[in-house]
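Here's the letter readout for the chains.
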Amino acid sequence: MSNRVILDPTSEKKFTSRELLARPTGLSGQTIGLLDISKARGDIFLNQLESRLTAAGAKVLRFRKPTFTKPAPVDLRHEIATKCTLVIEALAD
Amino acid sequence: MTQIKNPLRDGWTLIVKRECATCVMVVPVIARLVRELPSLTVYTQDDPKFPDGIVSISDADLSASWHADIDTVPTLIFREKGIETKRTVGWLRSEWRDLTGIADLGSELPEFRPGCGSMSVDPDVIDKLRVRFGGAVLHSRQIEFASAEDEFEAMFSRGLTDGLPVVPPTPERVMRMLSGTSRLPQEVVAIAPPDLVELTIEKIAINAVMAGCLPEYLPWVIAAVEAICTDEYNIHGVLATTMPVGPVIVCNGPGTRAIGMNSGVNVLGQGNRANLTIGRAVQLIIRNVGGGRPNEVDRASHGHPGKLSFCFAEDETNSPFTSLAVARGFDASQNTVTVFTGEGPRCVVDQLAREPEALAQTLAACLRTVHHPKLPFAFDALLVVSPEHARVFAQANWNRERVLQEIHARLQMPGSEIVRGAGGMAEGVQEAFKDATLPKFRPGGLLLVHAGGVAGLFSSIIGGWVSGATGSDPVTKLVTA
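Residues numbered from 1 in each chain as written. Chains lettered and ligands numbered in written order. Predicted model: local features only at pLDDT ≥ 70, side-chain atom pairs only at ≥ 80, totals over all residues.

Is there a simple way to explain the overall build of chain A in this structure?
In terms of regular secondary structure, chain A is built from two helices and four strands. Secondary structure elements of chain A, listed N to C terminal, follow the sequence β-β-α-β-α-β. For chain A, the C-alpha radius of gyration of 19 Å lies well beyond 12 Å, the compact-globule estimate for 93 residues. Seen through its principal axes, chain A has C-alpha atoms that stretch 70 × 35 × 25 Å. A total of 93 residues make up chain A; the buried ones form 11% of that total. Pairs at least 24 apart in sequence give 72% of the contacts found in chain A among residues at least 6 apart. (Helix = DSSP H or I, 4+ residues; strand = E, 2+ residues; numbered from the N terminus. Rg over C-alpha atoms; globule rule 2.2 N^0.38 Å. Buried ≥ 20, exposed ≤ 12 C-beta atoms within 10 Å, placed from the backbone. Contact = placed C-beta atoms within 7 Å.)

It is not clear to me how the environment of Ala436(B) should be interpreted in this structure. Could you clarify?
Mapped onto the secondary structure, Ala436(B) falls in the loop between helix H17 (415-418) and strand S19 (437-439). Remark: the alpha-carbon pair of Ala436(B) and Met413(B), spanning 23 residues in sequence, is separated by 8.5 Å.

Explain the pairing of strand S2 (residues 41-44) of chain B to me, please; I cannot follow it from the model alone.
Side chains on a regular strand alternate between the two faces of the sheet. Residues and elements named next belong to chain B. Pairing analysis gives four bridges linking strand S1 (residues 11-16) to S2, with the strands arranged parallel. Across the sheet, residue Ile-15 finds its bridge partner in S2, namely Tyr-43. Where S2 meets strand S3 (residues 57-58), two bridges bridge the pair, whose relative direction is parallel. For Thr-44, the partnering residue across the bridge sits in S3 and is Ser-58. (Pairing = 2+ DSSP bridges.)

Would you mind going over the confidence of the model for chain B with me for this structure?
Any region with low pLDDT has predicted coordinates that should not be read closely. Scored by pLDDT, chain B comes out at a mean of 96, with 99% of its residues at no less than 70. ipTM for the predicted complex: 0.86, alongside a pTM of 0.87. (pLDDT = per-residue confidence, 0-100.)

Looking at this structure, how should I read the nonpolar core?
Generally speaking, nonpolar side chains in soluble globular proteins are found buried as a group. Residues and elements named next belong to chain B. Grouped together as the largest cluster of nonpolar side chains are 101 residues, with contacts concentrated most on Ala-208, Val-221, Ala-224, Val-225, Ile-249, Ile-278 and Leu-383. Residue contributions to this core peak at nine residues, all from helix H9 (residues 218-228). Once residues within four sequence positions are removed from consideration, Ile-249 is found in contact with Ala-224, Ile-278, Gly-279, Val-282, Phe-310, Cys-311, Val-337 and Val-339. Grouped together as the second largest cluster of nonpolar side chains are 22 residues, Val-16, Cys-23, Ile-70 and Leu-105 included. (Core = buried A, V, L, I, M, F, W, Y, C linked by C-beta atoms within 7 Å.)

Would you take a moment to explain the pairing of S1(B) for this structure?
Residues and elements named next belong to chain B. A large share of S1 lies buried, amounting to five of its six residues. Relative to strand S5 (residues 75-80), S1 is paired through five bridges, and the arrangement is antiparallel. Across the sheet, Gly-11 pairs through a bridge with Arg-79, a residue of S5.

Could you clarify how one ought to interpret the sheet that holds S2(B) in this entry?
All names here are of chain B. Ordered by their spatial adjacency, five strands build an open sheet running S3-S2-S1-S5-S6, and the pairing between neighbours is mixed. Unpaired on one side and paired on the other, S3 and strand S6 (83-89) mark the two borders of the sheet. Strand contacts of helix H4 (residues 93-100): S5 and S6, with the helix running at about 155° to S6, the strand carrying the most contacts. (Axes fitted to C-alpha atoms, helices over the stretch in contact; angles between N-to-C directions.)

How should the packing of helix H5 (residues 126-134) of chain B against helix H7 (residues 171-178) of chain B be read in this particular structure?
Think of two packed helices as two axes; the pair is described by the angle between the axes and how far apart they sit. Residue and element names in this part refer to chain B. Running from N to C, H5 and H7 point in directions that differ by 90°, and their axes come no closer than 8 Å. Taken together, the axes of H5 and H7 lie roughly perpendicular to each other. For the pair H5 and H7, contact is made by Asp-127, Lys-128, Arg-130, Val-131 and Gly-134 and by Pro-171, Glu-172, Met-175 and Arg-176, respectively. Counted by class, the contact of H5 with H7 contains three nonpolar, one polar and five charged residues. (Parallel < 35°, antiparallel > 145°, perpendicular 65-115°, else oblique. Nonpolar A, V, L, I, M, F, W, Y, C, P; charged D, E, K, R; others polar.)

Have a look at this one:
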């Protein structure tokens, strides 16, 4: 049996690239979303960030995932996208 | 790929080959049928001049044989309005006479001769025929290797393997794999994390080929994938966690014996094709279809070797306990997979306990150390009890429920021992719990399976992961053909 032709075992997903928005010139007047992923002591870190961002003139909104082990629910992602002008995203651990 | 149309027409059809002694023997009968049955079409699989002196159609491409589902020659068929209504296989004089209505047909021949194997079911050609005549059901992109490319190396370089060589998933092999299920190739079984893409039976079959599965393993792979892709099991989190865990697949039911799974000696180790390849296929599917790869969404600090494959059968035949599947609400006659999120197994030695209480004490002491002896309630565990340890319980008439109850009773931890700082260890529960008593496992968080070789007063503990809605719940699914 010839092995020269195989079937693609991947999802064959096509990724689309999008252009980034222009970078903001400053934080003043921006609404910034901070997403707490519900890991222990994450709130301590986010509290510090919030006070620094607020001092810089930004409005901060806080959001929280039900559990750190699952992706953020669609509704939560939608809420963040509609309420915020900037989101600070970082990887846990 | 194009589907080749069924060439069979209404009326009589006879399929023969010269290589078959029975076909040669019935040539005088065929000559008579040609005279008396005007609609008769004779197909010849090998020699287009056979039968001598009779006009026949060459079935060298075996399309008529394939579409008529011929496994033996000679086969005589009658079709009306596109539907087959009569068939006889080999030479049985009375049946040929009944079917054709010719009362004295073949008087000069013996009463019975078996036929010969049809060329269309020759193991060397059947896979090619499946692709040629049924391959249109395959929708996956074809990848053609360059002539100088080594196909095994090419699959490594394209990132399609788990670090070990894989079987090239040719269309022939994938079609053969699909014969292991009655489900249609384009049926969507699940949405596969982390890329959240539709996972079809075809993609599962392709990866099952790569893992080295036989077609009869495919329904087990499908059920395991369905189970891990549920919200309760949460394969996304299992994959993404920094902890060293992956799916552990426990198979139950008579089908485990039918496909030759191992539930005995070296049950969690190497050496059994079904155990190893079913588990490996599940991991390959998450890697290749879901897009979950180490150092991408898979962030495990260490991982463990069972993330290549971790699948075994429960020893139900010799067990004094009801099986895991029955304990989870299924019938012993059903085939099921239960997926559990687990780390690598660790051994519990107790060669001295002859009383069930003493053995329960040992098991509890070792289970307490799962992930950390001071952490309660957060992690499940799977306890694999060996036949010799199970015998200690069975001799005292302890059933599954009693064993679990006795272990739980020994795993109630005083808060003072497990608060942060106690025992010189920072890890532990908050000070507020110092006067509480906390269980090591949540209700139902300790799973018991009977498996292993008949010699050895050892059991195995497979520690779990974040349990419940926060992390992962064990999920059991029926295996269906």
